[in-house]
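Secondary and tertiary structure notes
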Amino acid sequence: QVQLAESGGGLVQAGESLKLSCLASGKTWTIGGMAWYRQTPGKDRELVARITRGGVPREFGNFVKGRFTIRRDNTKNTVDLQMNNLTPEDTAVYSCSAQARGLDYWGQGTQVTVTT
């Protein structure tokens, strides 16, 4: 079993930055790829960024456009999402996910709200 806990969400103004963190616990040595997703009411969940077990960023959502960075520290069991130049369209619940032994694990999510 793997548990994921996100932190770092909050309320910011457009143009500001925010860093989200995801802390994994449990059988962390089984975790392969990890990712951040986001979801707003009435819309499908969409990929924000994905990173390999070795810490190589692999995929970003089209809307990222170079504004976000994903980093992974396997010694601390964390995956961070640095978000810069946020816009109101980035308002969503951001969730961390991990793949481990063929299963997908999810955190509870953290709310990010960007005001004009």
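These remarks concern the structure in this document. (Residues numbered from 1 in each chain as written. Predicted model: local features only at pLDDT ≥ 70, side-chain atom pairs only at ≥ 80, totals over all residues. Heavy atoms only, no water.)

Side note on the environment of Val 56
In plain terms, the rule: Each helix corresponds to a stretch of at least 4 residues labelled H or I by DSSP, and each strand to a stretch of at least 2 residues labelled E; elements are numbered beginning at the N terminus. We call a residue buried when its accessible area falls under 20% of the maximum for its residue type, exposed when it is over 50%, and partly exposed in between, using a 1.4 Å probe and counting protein chains only. Contact between two residues is taken to exist if any of their heavy atoms lie within 4.5 Å; hydrogens are not considered.
Residue placement: Val 56 occurs in the loop between strand 5 (46-51) and strand 6 (57-60). The exposure class assigned to Val 56 is partly exposed, which follows from its relative accessible area of 39%. Between the C-alpha atom of Val 56 and that of Gln 1, which follows or precedes it by 55 residues, the distance is 24 Å. Excluding residues that lie within four positions of it along the chain, Val 56 makes contacts with Arg 50 and Ile 51.

A look at the sheet that holds strand 8 (residues 78-83)
To be explicit about the condition: Any two strands are treated as partners once DSSP identifies two or more bridges connecting them. Axis lines are fitted to C-alpha atoms, over the contacting stretch for helices. Their N-to-C directions set the angle, which ranges from 0 to 180 degrees.
Read across the open sheet, the four strands follow the order 1-3-8-7; overall the sheet is antiparallel. The sheet is open, and its two borders are formed by strand 1 (2-7) and strand 7 (68-73), each paired with just one other strand. The average undirected angle you get between the axes of adjacent strands in this sheet is 15°. In terms of strand pairing, strand 3 (residues 18-26) meets strand 8 through six bridges, oriented antiparallel. The residue bridging Cys 22 from the neighbouring strand is Val 79, located in strand 8.

So, the state of the cysteines
Heads up, the condition is: Count a disulfide wherever a pair of cysteine sulfur atoms falls within 2.5 Å.
Summed over the entire model, instances satisfying the criterion amount to one disulfide. The disulfide partner of Cys 22 is Cys 96, and the gap between their sulfur atoms is 2.1 Å. Handedness of the Cys 22-Cys 96 disulfide follows from its S-S torsion of about -80°: it is left-handed. On the criterion of sequence distance, the pair formed by Cys 22 in strand 3 and Cys 96 in strand 9 (residues 92-100) is long-range, its members being 74 residues apart. Here Cys 96 falls in the buried class, since its relative accessible area comes to 0%.

Concerning the pairing of strand 6
Sheet faces and side chains relate simply in a regular strand, where the side chains alternate between the two faces. Alignment of strand 5 against strand 6, held across three bridges, turns out to be antiparallel. Within strand 6, the residue paired with Ile 51 across the bridge is Pro 57. From the end of strand 5 to the start of strand 6, which pair antiparallel, there are five residues, and Gly 55 there has a positive phi angle of about 90°.

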